[in-house]
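The chain contents come next:
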Amino acid sequence: MKKRIGSYPRVRIEGGGRAAVSQAGGVLLVETVRKSGLDTAISAALAPWRRPRAVHDPGKILLDVALSVALGGDCLADVAVLRAEPAVFGPVASDPTVSRLIDKLAAGGPKTLTAIRSARAEVRERVWKLGGASSPDATGQVIVDVDGVLVLAHSDKQDAAATWKKTYGHHPLMGFVDHGRGGTGEPVAALLRPGNAGSNTAADHITATQLALAQLPKRYRRGRSTLIRTDSGGGTHEFVAWLAKRGRWLSYSVGMTITEQIHQAVQRVPASAWTPAVEPGGEIRDGAWTAELDGDVLKGWPRGMRLIVRKERPHPGAQLRFTDADGLRLTCFATNTTDVPIAALELRHRQRARAEDRIRNARATGLRNLPLHDTTQNQIWLEIVQLALDLLAWLPMLALTGKPRLWEPRRLRLRLFSAAAQLVTTARRRHLRFTRHWPWTDVITGAIERLEALPNPG
């Protein structure tokens, strides 16, 4: 009989196997939790919510859910993946116990959120010190991108509403550390809002920025070492004024809507005042120029604010907008940075688009939908999502070679976390043996060695 070309091998399927561990690569996340001290910090923070004689620690339960989300889960019940492998993840609470804890934490309101966020901020400072040259500490400036995310709802949930894109769901406002130049892409703010919340609500941008700053190590809350970057949703008088009041220790780069006044000011800029835009490598960006606006267009805005505009030939197929001029696409942003050429400032603001990568990764890590009904419950879910994203950012920074940003969640899951291993007990010690033929076994074992070499939390 001729063998069919391209056919898959046929294997017999049986149950009853022993000593094999699924999702064994998840031990990388467990070791990251241990070395970062996140387990002890979360357990201490949630100690007030632990019942007397409780079998399961609230901090461990919350981290178990976060680990399941980091592995690809998108609801509370997915913690069953961890429960099936006690050799790697330890004892895991039942689904009813997990649900009761989420309800209890949700009932705690702001007190619960403050406890979880304080623990995350404490651990983040330690992790950045451990990360050395791979952490934002090495760049001298931390850039935080604040942006809205539309999360669709397919059932009736509290505060779900029609969105500006004519969909239905929620519109949380998120903050991420930029992942460029050593940044990690960690989430530092998540403000849950109804679906009909405005994109340019100043009060929400102020709250999200305050949450983000509270997550950073103390030295980044003073002294121009932090840049807040937003799209045009942040370009309101109230938000820019709030940032300007903190201008001595906070930098900003905020997108602005092209108004008729700005449009007219652009027409008055002489040809000699336009500077070619640049690419990250320093080369000239073809068909793009930038200039600074001044005069009447700055009236009513905070002192020290600079208004920079870019004109660029649209990409093939792009449609012009009524705010464009002479066949060129116009974009504008405001900043209080004074000691940097405008071409570099424009490049810095254009790189805000990297926040879309962080949002995409967040959607792939529990933010595709909000699985619970009540708003307070879903706010706890957002904290769980942030814990999962923190771990997915800290692991590459602490233990994986190369550029951390290349290890996005889906790649981590497919190549590392999903790897199976054999569980072997020798001299009363348990060992996980990953198969030799798996192409990324050396990556897993090397990462474990680097994590084990880190000092234990004090």
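Report on the accompanying structure.

**Here's the deal with the overall build of the protein**
Reasoning step 1: In terms of regular secondary structure, the protein is built from 15 helices and 15 strands.
Reasoning step 2: Taking the principal axes of its C-alpha atoms as reference, the protein extends roughly 80 × 65 × 45 Å.
Reasoning step 3: Residues classed as buried in the protein amount to 53% of the 458 residues present.
Reasoning step 4: Looking at the protein alone, contacts between residues at least 24 apart form 67% of all its contacts between residues at least 6 apart.
Reasoning step 5: Roughly 22,600 Å² of accessible area belongs to the protein as shown, and the carbon and sulfur atoms make up 52% of that amount.
Reasoning step 6: Within the protein, the 43 negative side-chain charges are centred at a point lying 5 Å from the centre of the 65 positive side-chain charges.

**Things to note about unusual backbone geometry**
Backbone geometry follows two general trends: most residues other than glycine have a negative phi, and most peptide bonds adopt the trans configuration.
Reasoning step 1: If you check the backbone angles, Gln23 has positive phi at about 50° while not being a glycine.
Reasoning step 2: With respect to the element layout, Gln23 can be found in the loop between β1 (20-21) and α1 (27-36).
Reasoning step 3: Of note, the phi angle at Arg53 is positive, near 60°, even though the residue is not glycine.
Reasoning step 4: Checked against the element boundaries, Arg53 lands in the loop between α2 (38-45) and α3 (58-70).

**So, the packing of aromatic side chains**
Reasoning step 1: In total, this model carries three aromatic pairs according to the counting rule given.
Reasoning step 2: Centroid distance Trp128 to Tyr220: 5.9 Å. Interplanar angle 75°. Geometry classified as edge-to-face. With a gap of 92 residues between them, Trp128 in helix α7 (residues 110-131) and Tyr220 in the loop between α8 (202-215) and β8 (226-230) connect regions that are remote in the sequence.
Reasoning step 3: What makes Trp128 buried here is its relative accessible area of 1%.
Reasoning step 4: With a centroid separation of 6.4 Å and an interplanar angle of 10°, the aromatic rings of Phe239 and Trp242 are classed as stacked. Of this pair, Phe239 and Trp242 both sit in helix α9 (residues 237-245), three residues apart, which is roughly one turn of that helix.
Reasoning step 5: Above the plane of the ring of Trp49 lies Lys111, whose end atom (NZ or CZ) is 5.9 Å from the centre.
Reasoning step 6: Just above the ring of Trp289 sits the side chain of Lys311; from NZ or CZ to the centre is 5.8 Å.

**Quick look at the packing of α1 against helix α13 (residues 375-399)**
Reasoning step 1: Where α1 meets α13, the axes come as close as 10 Å, and the angle between the chain directions of the two elements is 90°. By the angle between their axes, α1 is roughly perpendicular relative to α13. Residue-level inspection shows Leu28, Leu29, Thr32, Val33 and Ser36 of α1 in contact with α13, the latter providing Leu391, Leu392, Trp394 and Leu395.
Reasoning step 2: Considered class by class, the residues forming the contact of α1 with α13 number seven nonpolar, two polar and no charged.

**Some thoughts on the sheet that holds strand β11 (residues 284-293)**
Reasoning step 1: If you walk across this open sheet you meet the nine strands as β7-β6-β2-β8-β9-β13-β12-β11-β10, and the pairing is mixed. Edge positions in the open sheet fall to β7 (187-191) and β10 (275-278), since each of these has one partner strand only. Each neighbouring strand pair of the sheet contributes to a mean axis angle of 25°, computed without reference to strand direction.
Reasoning step 2: Relative to β11, β10 is paired through three bridges, and the arrangement is antiparallel. Each residue of the ladder has a partner; that of Pro276, found in β11, is Trp289.

**Notes on the sheet that holds strand β3 (residues 151-152)**
Reasoning step 1: The strand order β3-β5-β4 describes an open sheet built from three strands, whose pairing is antiparallel. Among the strands making up the open sheet, the edge pair consists of β3 and β4 (161-162).
Reasoning step 2: The pairing of β3 with strand β5 (residues 168-170) spans two bridges and is antiparallel. Looking at the pairing, Leu152 lines up with Gly169 of β5.

**Looking at the environment of Arg433**
Reasoning step 1: Here Arg433 shows up in strand β15 (residues 429-434).
Reasoning step 2: Placed 268 residues apart in sequence, Arg433 and Lys165 show a C-alpha to C-alpha distance of 49 Å.
Reasoning step 3: Those residues in contact with Arg433, other than ones at most four positions away along the chain, are Ala421, Gln422 and Val424.

**Digging into the pattern of salt bridges**
Reasoning step 1: According to the stated counting rule, one finds 27 salt bridges in the structure shown.
Reasoning step 2: Note that Asp95 and Arg83 form a salt bridge whose closest N and O atoms lie 2.9 Å from each other. Separated by 12 residues along the polypeptide, Asp95 in helix α6 (residues 95-107) and Arg83 in helix α4 (residues 80-83) bring together distant segments of the chain.
Reasoning step 3: Close ionic contact of Asp178 with Arg354 constitutes a salt bridge, the shortest N to O distance being 2.6 Å. With Asp178 in the loop between β6 (173-177) and β7 and Arg354 in the loop between α11 (342-350) and α12 (355-367), the pair connects residues that are 176 residues apart, well separated along the chain.
Reasoning step 4: The structure contains a network of salt bridges with shared partners spanning Arg117, Arg120, Arg124, Glu186, Glu383 and Asp390.

**Brief notes about the pairing of β6**
Reasoning step 1: Of all five residues in β6, five are buried; the element is thus mostly enclosed.
Reasoning step 2: When strand β2 (residues 142-148) meets β6, the two strands line up antiparallel, connected through five bridges. Across the sheet, the residue bridging to Gly148 is Leu173, located in β6.

Rules and cut-offs
Residues numbered from 1 in each chain as written. Predicted model: local features only at pLDDT ≥ 70, side-chain atom pairs only at ≥ 80, totals over all residues. Heavy atoms only, no water. Helix = DSSP H or I, 4+ residues; strand = E, 2+ residues; numbered from the N terminus. Buried < 20%, exposed > 50% of the residue type's maximum accessible area, 1.4 Å probe, protein only. Contact = heavy atoms within 4.5 Å. Areas by Shrake-Rupley, 256 points an atom, 1.4 Å probe, with all protein chains shown as cover. Lys, Arg positive; Asp, Glu negative; His and termini not counted. Charge placed at Lys NZ, Arg CZ, Asp CG, Glu CD. Phe/Tyr/Trp six-rings, centres within 6.5 Å; stacked < 30°, edge-to-face > 60°. Lys NZ or Arg CZ within 6 Å of the ring centre and 35° of its normal. Axes fitted to C-alpha atoms, helices over the stretch in contact; angles between N-to-C directions. Parallel < 35°, antiparallel > 145°, perpendicular 65-115°, else oblique. Nonpolar A, V, L, I, M, F, W, Y, C, P; charged D, E, K, R; others polar. Pairing = 2+ DSSP bridges. Salt bridge = Lys/Arg side-chain N within 4 Å of Asp/Glu carboxyl O.

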